[in-house]
Amino acid sequence: MKQDQLFVTGVERHFDETEIIVSKTDTKGRITYANDVFLRVAGYSEKQLLGQPHSIIRHPAMPRCVFSLLWQTIEAGREIFAYVINRCANGDHYWVLANVTPTMGRDGKIIGYHSNRRVPRRDALEKVIPLYAALCKEEEKERNRKEGMARGTAMVGNLLADAGMDYDQFVFTL
């Protein structure tokens, strides 16, 4: 089943502000570690998650262009902050403020990625939710998913250019 056809309930899950969702992946995005908070909130067992692509929790309301920007940033060896809506195993969802960083080997080359996710501010989500809906709508204007993602990426690029800031700066203005 395609990711955008996955069942969603519309029910939002929450986790405590003192908790941090942690995961690690290899360079291909396959999960190599998931902490207990991640397992509980996402509703998966460790056995169900380990070795799976991190996109297993991708919610269809999450713009593909934001993930494209995320991957471009971390593959270049830089960290990124982003608001992300994730899909739980049962179709519920949860929002996070994610900080994703590359993990470097002794030779200085990227050997994986580490993500810490915290509870996002609700006032920031009030701005993010309509933005992400607009980006998804822009992406859906093209039948070809790659071309749709390019449209969304252009929309984000224009937004950032108009604001005179990079993506991380934009995230922290929300």
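Nothing here was measured: the structure is a model prediction, and the numbers come from that model.

Scoring rules and cut-offs
- Per chain, the residues get numbers from 1 upward, laid out in the order the sequence is written.
- For a predicted model such as this one, the threshold for reporting local features is a pLDDT of at least 70, and the threshold for listing and counting side-chain atom pairs is 80 or more; totals across whole chains, interfaces and linings nevertheless cover every residue.
- Calculated side-chain values reflect all of the structure's heavy atoms, with hydrogen atoms and water omitted.
- In this description, strands pair whenever DSSP reports at least two bridges between them.
- Under the scheme used here, helices are H or I runs from DSSP no shorter than 4 residues and strands are E runs no shorter than 2 residues, and both carry numbers assigned from the N terminus.
- The convention used is that axes are lines fitted to C-alpha atoms, helices contributing only their stretch in contact, and that angles between N-to-C directions extend from 0 to 180 degrees.
- Any carboxyl oxygen of Asp or Glu within 4 Å of a side-chain nitrogen of Lys or Arg constitutes a salt bridge here.
- Here's how the labels work: a residue is buried when its accessible area is under 20% of the maximum for its type, exposed when over 50%, partly exposed in between, all with a 1.4 Å probe on protein chains only.

**Comments concerning the sheet that holds strand β1 (residues 21-25)**
1) Next: Ordered by their spatial adjacency, five strands build an open sheet running β2-β1-β5-β4-β3, and the pairing between neighbours is antiparallel. The strands lining the two open edges of the sheet, one partner per strand, are β2 (31-34) and β3 (80-87). On average, each strand axis in the sheet is inclined to that of its neighbour by 30°, with strand direction left out of account.
2) Next: Pairing between β3 and strand β4 (residues 93-104): eight bridges, direction antiparallel. Bridged to Ile80 within β4 is Val100.

**Some thoughts on the pattern of salt bridges**
1) Next: Taken as a whole, this structure holds eight salt bridges when the rule is applied.
2) Next: For Asp26, the salt bridge identified is with Arg30, shortest N-O distance 2.8 Å.
3) Next: A residue is classified by how much of its surface remains accessible, and Arg30, at 39% relative accessible area, is partly exposed.
4) Next: Notably, a salt bridge pairs Glu138 with Lys141, separated by 3.1 Å at the nearest N-O pair.
5) Next: Residues participating in the shared-partner salt-bridge network are Glu138, Lys141, Glu142 and Arg151.

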